[in-house]
Amino acid sequence: MVLKSKNLLGLKDLTAGEIEHILSNAKTMKLILGSKNKKTPHLQGKSIITLFYENSTRTRLSFELAAKYMSSSAANVSASGSSVAKGESLIDTAKTINMMGADVIILRHPMSGAPHLLAKNVDASVINAGDGINEHPTQALLDMFTIIEKKESLKDLKVAIIGDIYHSRVARSNIWGMSKMGAKVSVAGPTTLMPPELEKTGVKVFNTVQEALIDADVVMGLRMQNERQKSGLLPGIREYARFFGLDEKRMKLAKKDAIVLHPGPVNRGVELTTSVVDNDKSFIDEQVTNGVAVRMALLYLLTRRDINENTD
Amino acid sequence: MKILIKDGHIVDVRMNLDKKADILIEDGKISEIGENLEFSSGDIVYAEGKYVFPGFVDAHCHLRDPGYEYKEDIESGTRSAAAGGFTSVACMPNTNPVIDNQSIVKYIINKAKQEDMVNVYPIGSISKGLEGKELSEIGELKFAGAVALSDDGRPLENASLMKKAMEYSSMFDITIISHCEELSLAEEGVMNEGYQSTILGLKGIPAPSEEIMVARDIILSEYTKVPVHIAHVSTELSVDLIRHAKKRGVKVTCETCPHYFVLTDEACSDFNTFAKANPPLRTKKDVNGIIEGLKDGTIDIIATDHAPHHIDEKNVEFNVAANGISGFETAIPLAITYLVKPGHLTLKQLVEKMCINPSKLLGLGKGTLEVGSYADITIIDIDEEFLVDVQNFKSKGKNSPFNGFKLKGSIYHTIVNGKILVKEKILL
């Protein structure tokens, strides 16, 4: 099987089959990650560039290690230390990178749709590492990978995503991806942080955390930003934690074997209490490992596309 | 110099004409209308099978000159207007410098005269520098030739200044055109707020951002008894607010633009920046509300809001892409295809909304083919289909979401003051 597009811009555009294909490849990659010698020749001769217009520790490192474990040459461009700071446009920066022989450009950008614009203007494959409030597809892929590891399948699982849905690209990618994989997604969060007409995507929207948690198989907390208070969307973090924070008592509403995920970094005591974070049902640390595996699988699949057929 | 327009089907509301006849033009004016007119020498325009309209008047466009000539200038803008079938256009003051004083008004009028294409009427700004703080020199703007006042592109946020602008401008009998947008609601929004913004992950501009200010200006107009014209109406509730105000006797008029009765926010799919406009493209319900408003007369005018931009301002991230659509060369065919052909408007209503009413709003004395009037004439084959190709636009602005659309209504001839600008679809 070959991925249809040269790019991964969002899970909105993938089929269930393509998602499954990436996740099953990630399984193999996880074995490699667990071995003593973490090196494969899959990406030898390939050039992978991370182009980050926003700060990031884990996503960027995760992509870089994935690329290096597979023997590719990898390089970073960050917005602050480059001609981007001198006002060069995204397209011009990307064309420069493209002309230096990049095979894959991994873009994180504060504006939704930036990777789509990039993909139209370069030959290299483009991976969206987070665009504005739109999508963060590799995060959702690693979330789904983690869930499948624990629950075998997403089919008919009840997933509750709690928090600032409006500003969350993680939530959007998970909604697209999980729905395609047959999960039943519920979301809960303050009404001011809920995107309009979200229920039209097939998601159940609740205004209390309790309703969303009932019988959930998977509970995902999202990071709450402090600045939401300043823009009048919330009275404050304390009140948020009181009404939407996930603690042990609320977690009892979910199924007994429900697992807890969070894209990190966690604000302990806000989205999740420390006892929920450190509970044995929480797989937040394992998500990080799985992130590398999923990104290795993705880089592998996107760079071997041209070996088979080019259908894009 | 004489021109005979032969065998065209004339549509004129003022004369209540809707039939085949000839028109004779002498010295830039219409001298005779009738069947089988005698003609000895001069140009003949054969209009058989085509409709002959009073020249179309655009009450709202951006010519970008002075200051943004890389987007458009008076030469390219007036050529684009002529190619699109317009004979008179009123240009908005968000130039650089802003049209907030008489010298800029005169610059535009003089440059347009040199180009000698369509008639150009500058609109002065309400506030100095479009800053919304102090009134422009409204009296001098009017006497220099400004035909209306507007801070278009941005709202007059300060309600008190809007009230004062209405009161002050009434002394000079010059209309205020209001760009209605409550910025605190629009915030960082870049498209209509709703399902489409949710699935694209773009921040939304809620419809009330427009509607609240429409309501404010209606209330101020009723209170001051000074007319106000609402620019580019895009939502169903805005239409209803205006409908209600008109019933109350408020002297409010309004316009919409082709993109608001043809497209919805779905056009923004895949982050298509050509569909980014302000106000944003709305929903199907709004499109239906706009069409209803056009049908029942609530919406007086169809304007282009021709907003040409350089490709570099559109080939960027959606958030930072410029707002606006290059509209001169698609507006009339869009109105024919999406309003006249489906039976929403008659050709006479089209003439009201694109010839008479804009002329009336701006006090131009245009919009009719009556004997003695200036020979501004647009001749269209309303059944001929063509494919929109932005590369053929005379405008510098190729920014159109209608590229590739198949439309009805080919502009065959555009005549301004008795001078043929477009002949057999070719811009001369």
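The rules behind each value
- Residues numbered from 1 in each chain as written.
- Chains lettered and ligands numbered in written order.
- Predicted model: local features only at pLDDT ≥ 70, side-chain atom pairs only at ≥ 80, totals over all residues.
- Heavy atoms only, no water.
- Helix = DSSP H or I, 4+ residues; strand = E, 2+ residues; numbered from the N terminus.
- Rg over C-alpha atoms; globule rule 2.2 N^0.38 Å.
- Buried < 20%, exposed > 50% of the residue type's maximum accessible area, 1.4 Å probe, protein only.
- Areas by Shrake-Rupley, 256 points an atom, 1.4 Å probe, with all protein chains shown as cover.
- Contact = heavy atoms within 4.5 Å.
- Phe/Tyr/Trp six-rings, centres within 6.5 Å; stacked < 30°, edge-to-face > 60°.
- Lys NZ or Arg CZ within 6 Å of the ring centre and 35° of its normal.
- Core = buried A, V, L, I, M, F, W, Y, C linked by side-chain atoms within 4.5 Å.
- Pairing = 2+ DSSP bridges.
- Axes fitted to C-alpha atoms, helices over the stretch in contact; angles between N-to-C directions.
- Buried area = accessible area lost by both parts, 1.4 Å probe.
- Salt bridge = Lys/Arg side-chain N within 4 Å of Asp/Glu carboxyl O.
- Nonpolar A, V, L, I, M, F, W, Y, C, P; charged D, E, K, R; others polar.
- Parallel < 35°, antiparallel > 145°, perpendicular 65-115°, else oblique.
- Left-handed = near helix turned anticlockwise from the far one by under 90°.

Participant: So, the overall build of chain B: which residues are in play, and what are the values?
Facilitator: What chain B contains, in helices and strands, is 12 helices and 19 strands. Against the compact-globule benchmark of 22 Å for 428 residues, chain B has a radius of gyration of 20 Å, which places it among compact chains. With the C-alpha coordinates of chain B rotated into their principal frame, the extents come out at 65 × 50 × 45 Å. By the burial criterion, 61% of the 428 residues in chain B qualify as buried. Summed over all atoms, the accessible surface of chain B reaches about 15,600 Å², with 48% contributed by carbon and sulfur.

Participant: Tell me about the environment of A:Pro265, residues and numbers included.
Facilitator: All names here are of chain A. Along the chain, Pro265 falls in the loop between strand S9 (259-261) and helix H11 (274-277). In this structure, the C-alpha to C-alpha distance between Pro265 and Asn98, residues 167 residues apart in sequence, is 32 Å. Ignoring sequence-local partners within four residues, the contact set of Pro265 consists of Arg58, Arg223 and Glu271.

Participant: Go over the packing of aromatic side chains with me, naming the residues and quoting the values.
Facilitator: For the coordinates displayed, the defined rule picks out 8 aromatic pairs over all chains. Aromatic side chains A:Tyr240 and A:Phe244 sit 5.6 Å apart centroid to centroid with 20° between the ring planes, which places their arrangement in the stacked category. Here A:Phe244 and A:Tyr240 lie together in helix H9 (residues 237-244), a separation of 4 residues that amounts to about one turn. In this pair, the class of A:Tyr240 matches that of A:Phe244, namely buried. Ring plane angle 45° and centroid distance 5.9 Å describe the contact between B:Phe86 and B:Phe328, whose orientation is recorded as tilted. Taken as a pair, B:Phe86 in strand S7 (residues 86-91) and B:Phe328 in the loop between strand S15 (301-302) and helix H11 (331-340) lie far apart in primary sequence, 242 residues in all. Taken as a pair, B:Phe86 and B:Phe328 share a single burial class, namely buried. The structure contains a cluster of three or more aromatic residues connected by ring pairs, namely B:Tyr51, B:Phe53, B:Phe56, B:Phe86 and B:Phe328. B:Lys50 extends its terminal NZ or CZ atom over the ring of B:Tyr412, reaching a point 4.5 Å from the ring centre. Taking NZ or CZ as reference, B:Lys71 lies 5.8 Å from the ring centre of B:Tyr68, over its face.

Participant: Describe in detail the nonpolar core, supporting the description with residues and values.
Facilitator: In this structure, B:Phe56, B:Phe86, B:Val89, B:Ile230, B:Phe261, B:Leu350 and B:Met354 are the most contacted members of the largest nonpolar core, which totals 96 residues. If you look at the next biggest cluster of nonpolar residues, it comprises 63 residues, including A:Leu33, A:Ile161, A:Leu301 and B:Ile199.

Participant: Run through the sheet that holds strand S1 (residues 47-52) of chain A, naming residues and quoting values.
Facilitator: Residue and element names in this part refer to chain A. Taken in spatial order, the 4 strands of this open sheet run S2-S1-S3-S4, and their pairing is parallel. In the strand order of this sheet, the two ends are held by strand S2 (73-78) and strand S4 (125-131), each with one partner. When strand polarity is set aside, the average angle formed by the axes of neighbouring strands in this sheet is 15°. Relative to S4, strand S3 (residues 104-109) runs parallel, the two sharing 5 bridges. When the bridges of S4 are listed, Leu107 appears paired with Asn128. Contacting S3 and S4, helix H4 (residues 114-121) crosses the sheet at an angle of about 165° to S4.

Participant: Go over the sheet that holds strand S9 (residues 148-150) of chain B, please, and point to the residues and values.
Facilitator: Across the sheet, which stays open at both edges, the 5 strands sit in the order S9-S10-S13-S14-S15 (chain B) with parallel pairing between neighbours. Where the open sheet ends on each side, the last strands, each with one partner, are S9 and S15 of chain B.

Participant: Lay out the interface of chain A and chain B with the relevant residues and their values.
Facilitator: Facing 24 residues of chain A, the contacting portion of chain B comprises 18 residues. Summed over both partners, the interface of chain A with chain B comes to about 1,700 Å²; 58% of that surface belongs to carbon and sulfur atoms. Of all residues in chain A, the largest losses of buried area upon contact with chain B belong to A:Met111, A:Ser112 and A:Pro196, amounting jointly to 26% of the total for that side. Linking chain A with chain B are 1 salt bridge, by the criterion used here. One salt bridge in this structure joins A:Lys120 and B:Asp270, with 3.7 Å as the shortest N-O distance. Residue assignment for the side of chain A that touches chain B shows that the elements contributing at least two residues are helix H3 (90-99), H4 and helix H6 (169-180) of chain A. The residue inventory of the side of chain A that touches chain B, partitioned by class, reads 11 nonpolar, 8 polar and 5 charged.

Participant: Go over the pairing of strand S8 (residues 119-122) of chain B with me, naming the residues and quoting the values.
Facilitator: Residues and elements named next belong to chain B. Neither face of S8 is open: one carries Asn119 and Tyr121, the other Val120 and Pro122, and all of them are buried. Two strands pair when backbone bridges link them, and S7 and S8 are joined in this way by 4 bridges, in the parallel orientation. What sits directly across from Val89, in S8, is Val120.

Participant: Before we move on, could you go through unusual backbone geometry and cite the residues and values that matter?
Facilitator: Negative phi is the rule for most residues except glycine; trans is the rule for most peptide bonds. Residue and element names in this part refer to chain B. Residue Pro66 is reached from Asp65 by a cis peptide bond, and omega for that bond is 10°. Its location among the elements puts Pro66 in the loop between strand S6 (56-61) and helix H1 (74-83). Located in the positive-phi region is Asn36, a residue other than glycine, with phi close to 45°. One can find Asn36 in the loop between strand S3 (29-34) and strand S4 (43-46). With a relative accessible area of 59%, Asn36 lands in the exposed category. Positive phi outside glycine occurs at Asp173, with the angle close to 55°. With respect to the element layout, Asp173 can be found in the loop between helix H4 (159-170) and strand S10 (175-178).

Participant: Residues and numbers for the environment of A:Leu90, please.
Facilitator: In this fold, A:Leu90 is placed in helix H3. Sequence spacing of A:Leu90 and A:Pro115 is 25 residues, and the spatial spacing of their C-alpha atoms is 9.6 Å. Setting aside its immediate chain neighbours within four residues, A:Leu90 contacts A:Leu51, A:Tyr53, A:Leu107, A:His109, A:Ala114, A:Leu117, A:Leu118 and B:Glu317.

Participant: Explain the environment of B:Ile380 residue by residue, including any values.
Facilitator: Residues and elements named next belong to chain B. Here Ile380 is to be found in strand S16 (residues 377-387). Placed 45 residues apart in sequence, Ile380 and Lys425 show a C-alpha to C-alpha distance of 9.3 Å. Excluding anything up to four places from it in sequence, Ile380 contacts Lys50, Tyr51, Phe53, Phe56, Ile332, Ile336, Gly409, Ser410, Ile411 and Tyr412.

Participant: Quick rundown of the side chain of B:Thr368? Include the residues and the values.
Facilitator: Residue and element names in this part refer to chain B. As for its position among the elements, Thr368 is in the loop between helix H12 (347-362) and S16. Take Thr368: its relative accessible area is 6%, and that puts it in the buried class. Ignoring any residue separated from it by four or fewer positions in sequence, one finds Thr368 in contact with Asp12, Arg14, Pro54 and Ser373.

Participant: So what's going on with the packing of helix H2 (residues 58-69) of chain A against helix H12 (residues 284-303) of chain A? Which residues, and what values?
Facilitator: Helix-helix packing: each pair is described by the crossing angle between the helix axes and the interaxial distance. All names here are of chain A. Running from N to C, H2 and H12 cross one another at 50°; their axes reach a closest spacing of 8 Å. What the angle tells us is that H2 and H12 run oblique. The crossing of H2 and H12 is right-handed. Facing H2, whose interface residues are Arg58, Thr59, Ser62, Phe63, Ala66, Ala67 and Tyr69, H12 presents Val288, Gly291, Val292, Arg295, Met296 and Leu299. Looking at the contact of H2 with H12 residue by residue, the class counts come to 8 nonpolar, 3 polar and 2 charged.

Participant: Tell me about H4(A), residues and numbers included.
Facilitator: All names here are of chain A. The buried fraction of H4 is high, at 7 of 8 residues. Among all positions in H4, only Ala114, Pro115, His116, Leu117, Leu118, Ala119 and Asn121 are buried. Where H4 is buried, its residues contact H3, S3 and S4.

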